[in-house]
Amino acid sequence: AAARLGELVVGEMGVSKDIPKYPCIYPNPSFGEVTKNFRADDYKIMALATLASIPYGYFAGTARLPQMRVPSMIMSGIIGLHGGFFIAYQQSGGRLMGRLANDAEVRELMK
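Residues numbered from 1 in each chain as written. Predicted model: local features only at pLDDT ≥ 70, side-chain atom pairs only at ≥ 80, totals over all residues. Heavy atoms only, no water.

Asker: How do you make sense of the packing of aromatic side chains when you look at a structure like this?
Answerer: Centre distance and the angle of the planes are the two values used to describe a pair of aromatic rings. Throughout the structure, instances matching the rule amount to 7 aromatic pairs. Relative to phenylalanine 59, the ring of tyrosine 58 has its centre 5.3 Å away and its plane inclined at 85°; by these criteria the two rings are edge-to-face. Overall, tyrosine 58 belongs to the partly exposed group, its relative accessible area being 30%. For phenylalanine 59, a relative accessible area of 58% translates into the label exposed. In this structure an aromatic cluster arises from ring pairing among Phe31, Phe38, Tyr43, Phe85, Phe86 and Tyr89. (Phe/Tyr/Trp six-rings, centres within 6.5 Å; stacked < 30°, edge-to-face > 60°. Buried < 20%, exposed > 50% of the residue type's maximum accessible area, 1.4 Å probe, protein only.)

Below you can see the structure in the form of structure tokens.
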């Protein structure tokens, strides 16, 4: 539960000095609320980050030790998946907190 003090929005996790540009749906969304709010574009970002990192890992593993191609490719894919998840999480949370455009979420809330 966030409280407004002048121009500061005070929540359980910290203080934000910016007033949201868009309607605030949840001032302090939980992990579940943020992940439920993922859009198709968020899943695309996760897929693209994963797919872009797999060949990078393959060629990085080829550089010195050819037997490291597959393990390097797998590890790079896992790192890319995590990076894509973090970007998607940040965008979804930003929409819920009113930091990013959230027209679809507001329409869904009004139903």
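Asker: Teacher, can you tell me more about the confidence of the model for the chain here?
Answerer: Should pLDDT be low for a region, the predicted coordinates there are not to be read in detail. Predicted confidence across the chain gives a mean pLDDT of 86, with 86% of residues reaching 70 or more. At the low end of the mean pLDDT range in the chain sits strand 1 (residues 3-5), at 48; at the high end sits helix 3 (residues 69-96), at 95. When the criterion is pLDDT under 50, residues 1-7 qualifies, and its contacts beyond four places in sequence or with other chains add up to 16 contacts. (pLDDT = per-residue confidence, 0-100. Helix = DSSP H or I, 4+ residues; strand = E, 2+ residues; numbered from the N terminus. Contact = heavy atoms within 4.5 Å.)

Asker: What is the right way to look at the environment of threonine 35 in this model?
Answerer: You can see threonine 35 is positioned in helix 1 (residues 31-36). Taking the relative accessible area as the measure of exposure, threonine 35 reaches 21% and is therefore partly exposed. Apart from residues no more than four positions distant in its own chain, threonine 35 is found in contact with Tyr43, Phe85 and Tyr89.

Asker: Would you explain the pattern of salt bridges in this entry?
Answerer: Between side chains of opposite charge, pairing is possible as soon as their charged atoms come close. The full count for this structure, using the stated rule, is 4 salt bridges. For arginine 39, the salt bridge is made with glutamate 105, and the minimal N-O distance between the two is 2.8 Å. You can see arginine 39 sitting in the loop between helix 1 and helix 2 (40-62) and its partner glutamate 105 sitting in helix 4 (residues 103-110), a full 66 residues away along the chain. Taking the relative accessible area as the measure of exposure, arginine 39 reaches 29% and is therefore partly exposed. Since its relative accessible area comes to 9%, glutamate 105 is described here as buried. A salt bridge links arginine 95 to glutamate 105; the nearest nitrogen and oxygen atoms lie 3.0 Å apart. With arginine 95 in helix 3 and glutamate 105 in helix 4, this residue pair connects regions lying 10 residues apart in the sequence. Residue classification places arginine 95 among the buried positions, given a relative accessible area of 5%. (Salt bridge = Lys/Arg side-chain N within 4 Å of Asp/Glu carboxyl O.)

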